[in-house]
Amino acid sequence: MLLIFQALEAILLRTVSNLSHFSVVGMNIVKKLINSYVKLIYAALYSENCKMSRGCLTLLSAMVAQGPDSARDVCSHFDFNNKYLPGLLKKGFKKGRTDVRMACIQFALSFLVAGDNALLAQAWTCIKLRLPTHQWAKRDGSLQSGELGKYSRSL
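Values in this document were obtained by computation on a predicted structure and should not be read as measured data. (Residues numbered from 1 in each chain as written. Predicted model: local features only at pLDDT ≥ 70, side-chain atom pairs only at ≥ 80, totals over all residues. Heavy atoms only, no water.)

A.B. asks: Even after reading the chapter, I still don't get the overall build of the protein, so can you show me in this structure?
C.D. replies: Broken down by element type, the protein carries eight helices and zero strands. Along the protein, helices (α) and strands (β) appear in the sequence α-α-α-α-α-α-α-α when read from the amino end. Put simply, the protein has 155 residues, and 39% of those count as buried. By sequence separation, contacts in the protein at least 24 residues apart represent 70% of the contacts at least 6 residues apart. On the protein, roughly 9,500 Å² of surface is accessible, and the fraction owed to carbon and sulfur atoms is 58%. (Helix = DSSP H or I, 4+ residues; strand = E, 2+ residues; numbered from the N terminus. Buried < 20%, exposed > 50% of the residue type's maximum accessible area, 1.4 Å probe, protein only. Contact = heavy atoms within 4.5 Å. Areas by Shrake-Rupley, 256 points an atom, 1.4 Å probe, with all protein chains shown as cover.)

Given below as structure tokens:
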């Protein structure tokens, strides 16, 4: 299944690079994946296998990169409130390879690439990475725990 995800990701990234010629093909792939295979995507995303989770997140990033319409479709069909989503930020490889955490960041940033401000605001409110606030605090304590909320509300 990982090989299938990687092949679909490569196809979608190719359609993004030639969006004027292949935009319809890319959108059809995204719609088919969202409408027919979303349960399979969830199963792969929340599996214990780090490679499978990373492959699924990179596929989702490629789906969002197709453009604002596909990004809206992914954002509306994806369950950002799943209780296992914050656990993806704790998965990683010990050898320093690109891990699940990096793929999570790539997925979140792919909404920036979509180029739709309303979608960006919606995705920002939906994607709650739930990082502990102490990770953002400076050593001198100048960033307090309540300050993160005011920065995220400014979007």
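A.B. asks: Any chance you could explain the packing of helix 1 (residues 2–17) against helix 2 (residues 19–36) here in plain terms?
C.D. replies: When two helices pack together, their arrangement is given by the angle between their axes and by how far apart the axes lie. Between helix 1 and helix 2, the least distance of the axes is 7 Å, while the angle of their chain directions is 145 degrees. Judged by the twist between their axes, the crossing of helix 1 over helix 2 is left-handed. Contacts between helix 1 and helix 2 involve Leu 8, Ile 11, Leu 12, Thr 15, Val 16 and Ser 17 from the first element and Leu 19, Phe 22, Val 25, Gly 26, Ile 29, Val 30 and Leu 33 from the second. Classifying every residue of the contact of helix 1 with helix 2 gives ten nonpolar, three polar and no charged. (Axes fitted to C-alpha atoms, helices over the stretch in contact; angles between N-to-C directions. Left-handed = near helix turned anticlockwise from the far one by under 90°. Nonpolar A, V, L, I, M, F, W, Y, C, P; charged D, E, K, R; others polar.)

A.B. asks: Which parts of the structure should I look at to understand a nonpolar patch on the surface?
C.D. replies: Together, Met 102, Ile 105, Leu 109, Leu 112 and Val 113 give the surface a local cluster of nonpolar side chains, amounting to about 490 Å² of exposed area. Here Leu 112 shows up in helix 6 (residues 100–114). Taking relative accessible area as the criterion, Leu 112 reaches 48% and is therefore assigned partly exposed. (Patch = residues over 30% accessible without salt bridge, like charges linked within 9 Å, V, L, I, M, F, W, Y side chains within 5 Å. Salt bridge = Lys/Arg side-chain N within 4 Å of Asp/Glu carboxyl O.)

A.B. asks: What is the right way to look at helix 1 in this model?
C.D. replies: Side chains three or four residues apart in an α-helix point the same way, a direct result of the helix having 3.6 residues per turn. Helix length check: helix 1, at 16 residues, gives a terminal C-alpha distance of 23 Å against a target of 22 Å (1.5 Å per residue), a fit within 8%. Among all positions in helix 1, only Phe 5, Leu 8, Glu 9, Leu 12 and Thr 15 are buried. Down the axis of helix 1, the smallest arc covering the buried residues is 125 degrees, so these residues share one side. Buried residues in helix 1 make contact with helix 2, helix 3 (38–45) and helix 4 (50–64). (Expected span 1.5 Å × (residues − 1). Arc of directions from axis to C-beta.)

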